[in-house]
Amino acid sequence: MNTTNRPRPRAILRIHFHPAERTEELYGQLLAVVDGISSRVEPLPADWSAYVDLTGALKYWGRDAEGLVAVLRLRLLALHGVPCSVGAGPTRSIAAMAADATPPGAATVVRDDPYEVAAFLRTKPASALPGIGPKTAKTLARYGITSVGDIADTQLPTLQRILGTTAARLAHDRARGIDERPVVPGAAPKTVSASHRFDRDELDTERHHRAVLGLVQDLGGRLRTSREITQALTLTVTYADRTQTTRTRSLTEPTAHTPALAATARTILTGLGLQRARVRTLSLRAERLRPAEETVHQLTFDDRDEKLRRLETALDKTATRYGPGLAGVASAFPRAG
């Protein structure tokens, strides 16, 4: 039988890394391991994951998707001691769904076969399909559409009346295993991070706040030195049992201004409710960095902010001349009520 024109099986991975402690350097090292298997890697640092297109690598390595996934998991564990969870399928959406259903240290592979794809998709609840949130799933349920199979079986015009033209088309295609979105290779978006490890597991929330303000001071100074601004902050709390909680919050406007960074970091920390938590390490990461020239500073009739910016500049100069630690930028600003 002539197989010359038969398309190659597609194999796309969604891989989640599960290290004991997260650092920017380690994330880059893990991506390098993945790049050793396939150069088509799309980093997703916000949740320590990545998409990987293995389609071209299958022939090169002489393995199927299951075999390459096993090699990749073994390399990550052997080189860095980091377990991962992997979902694989012929499209991005199937890979994402497979990854969501896979526990740490395991893999779920859906082969590029119509029957296997249908068997995987059809029994899943509608909310498992990428793009279908809880509110949309509830709307669909009112019409008796509760599974991915139901979405696939519903006539497109009916779905369009329920969801709208674009959303219905996407849901209908993905429910039938159609998703042409490619993996877009690229370097991980630039971030800067700082961590504070307590001498002992810390219960005192005031010490938690002081530590976070110290991290804000460090990050703010580094951003201003490199002439960059950040669009979001991510706080990671590592507890006594080595479990972690990570929260990300976007800033009102991109900035490297310490009071603005401190206000956002405090909001994240307060929202975690660590009153009885035994905290081992606090890590703060500035994400989605941009050149400082792109900043847009909202004008105000209150000159307090401008005074704080002038104070910040003076303290930066002092730190540059005499070294960090002599003048504490974050602690120099009044604490928000």
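Residues numbered from 1 in each chain as written. Predicted model: local features only at pLDDT ≥ 70, side-chain atom pairs only at ≥ 80, totals over all residues. Heavy atoms only, no water.

Caption draft 1: Highlighting the overall build of the protein chain. Of regular secondary structure, the protein chain possesses 12 helices and 10 strands. Residues counted as buried form 45% of the 337 residues belonging to the protein chain. Across the protein chain, contacts joining residues at least 24 apart in sequence account for 68% of those joining residues at least 6 apart. About 18,100 Å² of surface is accessible on the protein chain, with carbon and sulfur atoms providing 52% of the total. (Helix = DSSP H or I, 4+ residues; strand = E, 2+ residues; numbered from the N terminus. Buried < 20%, exposed > 50% of the residue type's maximum accessible area, 1.4 Å probe, protein only. Contact = heavy atoms within 4.5 Å. Areas by Shrake-Rupley, 256 points an atom, 1.4 Å probe, with all protein chains shown as cover.)

Caption draft 2: Local environment of the nonpolar core. With 31 residues, the main nonpolar core has Leu-235, Val-237, Leu-274, Leu-282 and Leu-284 as its most contacted residues. Elements represented by at least two residues in this core include exactly β6 (192–202), α10 (205–225), β7 (228–239), α11 (258–272) and β9 (279–287). The element contributing the most residues to this core is α10, with seven residues. Setting aside chain neighbours within four positions, we find Leu-282 in contact with Ala-194, Ser-195, His-196, Phe-198, His-208, Ala-211, Val-212, Leu-215, Thr-236 and Val-237. Grouped together as the second largest cluster of nonpolar side chains are 28 residues, Val-41, Val-52, Val-82 and Val-86 included. (Core = buried A, V, L, I, M, F, W, Y, C linked by side-chain atoms within 4.5 Å.)

Caption draft 3: Highlighting helix α1 (residues 24–35). Helix length check: α1, at 12 residues, gives a terminal C-alpha distance of 17 Å against a target of 16 Å (1.5 Å per residue), a fit within 8%. For α1, the set of buried residues is Leu-26, Tyr-27, Leu-30, Leu-31, Val-33 and Val-34. Each buried residue of α1 sits inside an arc of 155° when the element is viewed along its axis, so together they form one side. Check the buried side of α1 and you find it contacts β1 (12–17), β2 (41–44), β3 (49–53) and α3 (65–80). (Expected span 1.5 Å × (residues − 1). Arc of directions from axis to C-beta.)

Caption draft 4: Here's a closer look at the pairing of β7. The element β7 is extensively covered by neighbouring structure, given that 11 of its 12 residues are classed as buried. When β7 meets strand β10 (residues 290–291), the two strands line up antiparallel, connected through two bridges. Looking at β10, one finds that Glu-228 is bridged to Pro-291. The pairing of β7 with strand β8 (residues 244–255) spans eight bridges and is classified as antiparallel. Pairing of Thr-234 across the sheet is with Thr-248, part of β8. Following β7, the chain reverses through four residues before pairing antiparallel with β8; Arg-242 in that reversal takes a positive phi of roughly 75°. The sheet contact formed by β7 and β9 spans eight bridges and is antiparallel. What sits directly across from Ala-232, in β9, is Glu-287. (Pairing = 2+ DSSP bridges.)

Caption draft 5: Just the sheet that holds β3, in detail. Pairing in this open sheet of five strands is mixed, and the strands run β2-β3-β1-β4-β5 from one edge to the other. At either end of the open sheet lies a strand with only one pairing partner, and these are β2 and β5 (107–109). Between one strand axis and the next, the sheet turns through 15° on average, direction left out of account. Note: β1 against strand β4 (residues 84–89), six bridges, orientation antiparallel. What sits directly across from His-16, in β4, is Ser-85. (Axes fitted to C-alpha atoms, helices over the stretch in contact; angles between N-to-C directions.)

Caption draft 6: View of the pattern of salt bridges. All chains considered together, the criterion is met by 13 salt bridges. Note that Glu-116 is salt-bridged to Arg-111, the shortest N-O span being 2.9 Å. Glu-116 sits in the partly exposed class, given a relative accessible area of 22%. Owing to a relative accessible area of 49%, Arg-111 belongs among the partly exposed residues under this scheme. Several salt bridges share partner residues, and in doing so they unite Arg-200, Glu-202, Asp-204 and Arg-207 into one network. (Salt bridge = Lys/Arg side-chain N within 4 Å of Asp/Glu carboxyl O.)

Caption draft 7: The arrangement of unusual backbone geometry in detail. Notably, Trp-48 is not glycine yet its phi reads approximately 55°, a positive angle. Among the secondary structure elements, Trp-48 is positioned in the loop between β2 and β3. At Arg-227, a position not held by glycine, the phi torsion is positive, near 60°. In this fold, Arg-227 is placed in the loop between α10 and β7. Look at Arg-227 and you get exposed, because its relative accessible area is 52%.

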